Amino acid sequence: MVKLGKLAKRYRIEDGEGFRLKDWDPGDTAWLDDKLVAEEALADSVAQLAEMQDKLYAQDHWSVLLIFQAMDAAGKDSTIKHVMSGINPQGCQVTAFKQPSAEELDHDFMWRTTRHLPERGRIGIFNRSYYEEVLVVRVHSGVLGNQRIPPKLVTKKIWKERYEDIGAFERYLARNGTLVLKFFLNVSREEQKKRFLDRLNEPEKHWKFQPSDVAERQLWPDYMKAYEEMIRATSAPHAPWHVIPADNKWFTRLAVAAAIVDAMDGLDLAYPKVEPGISEKLQAARAALENE
């Protein structure tokens, strides 16, 4: 039997002090070595998530924000697809953030994501997020220059300032009833290469590959440094990072599901209780229907 709580805690980071990415194995599968057992556990987790989401929607107190960040080909799309497969579409919204538009560049760096925050009772999923602002923007220095920020505000402290702004924002969300869970799908460079080659060798996957993917791959060390500093600076008990091994997709999906189930289990979700006096009205409605 897979102990989801234990699995979730294995990859959760609430305090990033001393975090080193090299200490986290992309190929780790915890104590699991049976793919079929993991898939059965995932199916159970998906069923639990469906029930939790139903209560979340009915209770209408909490909202849930799931943030996914990763290098290309780490499996963000497929993880979201499989883990959230049992969720009622009316209670879940997925937003993928790509290159900013001209309108988005005319606002502060949090603006475009803030507009898509989930309302109470719903699960919001960010496929990439405001964290791109301390990842892609940091690795590609020219991007920052296109953001039209007053030059005197672009100092050597800008990344530290953005970490602080993100931390304050996530604390604000938590204080207003949003459960924030962040996932870094930790794929190895070797596995990424394999998946890129699979895309190139299979015509039906050509659409997934962009020539720029190879160029980005050459910046791997810079990205790993950026991810490491990001996780170190923005992990918190109210907005933890989960460094999920991503070399085995079957395990990635289970680990993500386990983390979500474990966290939502702490929200004390329940269906609303019927107010006094309503029971009699319900009984009367039942009688009227049965007597038609």
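Residues numbered from 1 in each chain as written. Predicted model: local features only at pLDDT ≥ 70, side-chain atom pairs only at ≥ 80, totals over all residues. Heavy atoms only, no water.

A few points about the nonpolar core
What tends to happen in soluble globular proteins is that the nonpolar side chains get buried as a cluster. Quick note on the threshold: The definition of a nonpolar core used throughout is a set of buried Ala, Val, Leu, Ile, Met, Phe, Trp, Tyr and Cys residues joined through side-chain atoms within 4.5 Å. Each residue's exposure class comes from its accessible area (1.4 Å probe, protein chains only) as a fraction of the maximum for that residue type: buried when under 20%, exposed when over 50%, partly exposed otherwise. Any two residues having at least one pair of non-hydrogen atoms within 4.5 Å are treated as being in contact.
In terms of nonpolar packing, the biggest core is built from 80 residues, with Leu66, Met84, Phe183, Ile260 and Met264 touching the most fellow members. Apart from the residues lying within four places of it in its own chain, the contact partners of Ile260 are Leu49, Leu66, Val83, Met84, Leu181 and Phe183.

Things to note about a negative patch on the surface
Where we set the bar: A patch consists of residues exposed above 30% relative accessible area that lack any salt bridge, with like charges linked at up to 9 Å and nonpolar side chains (Val, Leu, Ile, Met, Phe, Trp, Tyr) linked at up to 5 Å. Surface accessibility follows the Shrake-Rupley procedure with a 1.4 Å probe radius. Residue values consider only the protein chains on display as shielding. The rule for a salt bridge is simple: a side-chain nitrogen of Lys or Arg has to be within 4 Å of a carboxyl oxygen of Asp or Glu. A positive count includes Lys and Arg, and a negative count includes Asp and Glu. His and the chain ends are not counted in either. Every charge is mapped to an atom, namely NZ of Lys, CZ of Arg, CG of Asp or CD of Glu. Numbering of helices and strands runs from the N terminus; a helix is a DSSP stretch of H or I covering at least four residues, while a strand is a stretch of E covering at least two.
Side chains of Asp33, Asp34, Glu39, Glu40 and Asp44 sit close together on the surface and give a patch of like negative charge. With respect to the helices, strands and loops of the structure, Glu40 is situated in helix α2 (residues 35-59). You can call Glu40 exposed: its relative accessible area is 55%.

Here we look at the layout of surface pockets
Inclusion rule: Whether a set of points on the 1 Å grid over the protein atoms alone is a cavity depends on a 1.4 Å probe fitting there but being unable to get out, while an open set qualifies as a pocket with protein on both sides within 12 Å along at least five of seven lines; lining residues are those with an atom within 4 Å of a point. Grid points are joined across faces, edges and corners, and a volume is the space filled by probe spheres set on the points. Only Asp, Glu, Lys and Arg are considered charged, only Ala, Val, Leu, Ile, Met, Phe, Trp, Tyr, Cys and Pro nonpolar, and every remaining residue, Gly among them, polar.
One number sums up the size of the second largest pocket: a volume of about 270 Å³. Lining the second largest pocket are 15 residues, and of these Asp108, Phe109, Gln147, Ile149 and Arg162 sit closest to its centre. When residues of the lining of the second largest pocket are traced back to their parent elements, those giving at least two are α4 (102-105) and α8 (158-175). Among the elements that line the lining of the second largest pocket, the one with the most residues is α8, at four residues. For the lining of the second largest pocket, the residue count by class is six nonpolar, two polar and seven charged.

Some thoughts on the side chain of Thr79
Tracing the chain through its elements places Thr79 in helix α3 (residues 76-83). If near-sequence neighbours (up to four positions away) are discounted, Thr79 is found in contact with Phe68, Leu185, Thr252, Arg253 and Val256.

Observations regarding the pattern of salt bridges
Inspection of the entire model under this criterion finds 19 salt bridges. Here Lys9 makes a salt bridge to Asp262, at a shortest N to O gap of 3.8 Å. Taken together, the positions of Lys9 in helix α1 (residues 4-10) and Asp262 in helix α12 (residues 249-265) put the pair 253 residues apart, joining distant regions of the chain. Where Lys55 meets Glu51, a salt bridge forms, and the shortest distance between an N and an O atom there is 3.3 Å. Here Lys55 and its partner Glu51 are both found in helix α2, four residues apart, which amounts to about one turn of the helix.

Focus on the packing of aromatic side chains
This is how the line gets drawn: Here a Phe, Tyr or Trp ring, Trp counted by its six-membered ring, pairs with any other such ring whose centre lies within 6.5 Å, and the pair is stacked when the planes are under 30 degrees apart, edge-to-face when over 60, and tilted otherwise.
The tally for this structure, following the rule as stated, stands at nine aromatic pairs. With 5.0 Å between their ring centres and 85° between their planes, Phe97 and Phe126 make a pair best called edge-to-face. One end of the pair, Phe97, is in the loop between β3 (92-96) and α4; the other, Phe126, is in strand β4 (residues 123-127), and 29 residues separate them in sequence. Looking at Phe126, the relative accessible area reads 1%, which means it is buried.

Details of the packing of α8 against helix α11 (residues 220-234)
Short version of the rule: Note on definitions: angles span 0 to 180 degrees between N-to-C directions of axes, and those axes are lines fitted to C-alpha atoms, for helices only across the stretch in contact. Should an angle fall under 35 degrees it is called roughly parallel, over 145 degrees roughly antiparallel, and 65 to 115 degrees roughly perpendicular, with every other angle called oblique. Here a crossing is taken to be left-handed if its near helix is turned anticlockwise relative to the far helix by less than a right angle, and right-handed if that turn runs clockwise.
As a packed pair, α8 and α11 sit with axes 10 Å apart at the nearest point and diverge in direction by 45°. Viewed along their axes, α8 and α11 adopt a mutual orientation that is oblique. Pair α8 / α11 crosses with right-handed handedness. The segment α8 lies against α11, with Tyr163, Ile166 and Glu170 engaging Ala226, Glu229, Met230, Ala233 and Thr234. The residue makeup of the contact of α8 with α11, split by class, is five nonpolar, one polar and two charged.

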